[in-house]
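Structural overview
The chain contents come next:
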Amino acid sequence: MVTATIVITCILTVLLILIVLIQNSKGGGLAGEFGGLGSNQLMGVKKTTDLLEQITWGLGIGVMVLSLASYIMIDRNQVSGVNSINVDRAQTQTLPGAAAPTPAAGAAPSQAVPGAATPGASTSALTPQK
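Counting of residues starts from 1 at the beginning of each chain's written sequence and follows it residue by residue. Given that this is a predicted model, residues contribute local features only at a pLDDT of at least 70 and side-chain atom pairs are listed and counted only at 80 or more, while totals for whole chains, interfaces and linings are drawn from all residues. With hydrogens and water set aside, each side-chain value is computed from the structure's full complement of heavy atoms.

Next up on the list: helix H1 (residues 2–22). Numbering of helices and strands starts at the N terminus; helices are DSSP runs of H or I of at least 4 residues and strands are runs of E of at least 2. Between the first and last residue of a helix there are one fewer steps than residues, each counted as 1.5 Å, and that sum is the expected span. For H1, which comprises 21 residues, the first-to-last C-alpha distance of 30 Å matches the rise-based estimate of 30 Å (1.5 Å per residue) to within 8%. The rule is simple: take the accessible area with a 1.4 Å probe, protein chains only, and divide by the maximum for that residue type; under 20% is buried, over 50% is exposed, in between is partly exposed. Regarding H1, the residues found buried are Thr-5, Thr-9, Leu-12, Leu-16 and Ile-19. Projected onto a plane normal to the axis of H1, the buried residues spread over an arc of 85° and lie on a single side. Along H1, the residues that are exposed and aim more than 90 degrees away from the buried face are Thr-3 and Leu-21. The directions from the helix axis to the C-beta atoms form the arc being described.

The structure is reproduced here in structure tokens:
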């Protein structure tokens with residue numbers, strides 16, 4: 001139902017854009033295009049302007065009502081989360097060296113795990129080694 005409301009809102013928005021583009025800010029617009037036909041027009045300049053203005057107001061109100069309706073229809077109690085395999089991998093993967101095993105209590109320092117950083121040792125490439 002929410003998807004249908006969004007689609008209808010998009011259609012009304014496109015129609016609203018087209019109706020606004022048809023109008024002229026000085027009152028010419030669509031009526032100005034047919035101004036050379038004389039006074040025996042089907043719709044006069046005033047009636048065309050009134051009709052386009054009413055259509056504009058109707059479409060604008062329709063977009064606002066459908067926007068509020070879609071906000072009301074959205075279920076905010078639903079558990080929101082990103083369903084992505086990349087997010088799941090990032091949450092379960094450990095960083096390299098973050099959980100390096102420590103040597104046993106009785107082990108000598110020479111038997112430490114290779115690659116394990118000693119406390120206070122810098123591993124930055126920018127820091128000069130002593």
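With that out of the way, let us pick up the UniProt feature "transmembrane region" (unreviewed entry) in the protein chain. Annotation from UniProt places "transmembrane region" (unreviewed entry) at residues 55–74. Secondary structure over residues 55–74 splits into 95% helix and 0% strand, and the C-alpha atoms at its two ends are 28 Å apart. UniProt positions are given in the numbering used here, feature names are shortened, and annotations may be inferred rather than shown by experiment.

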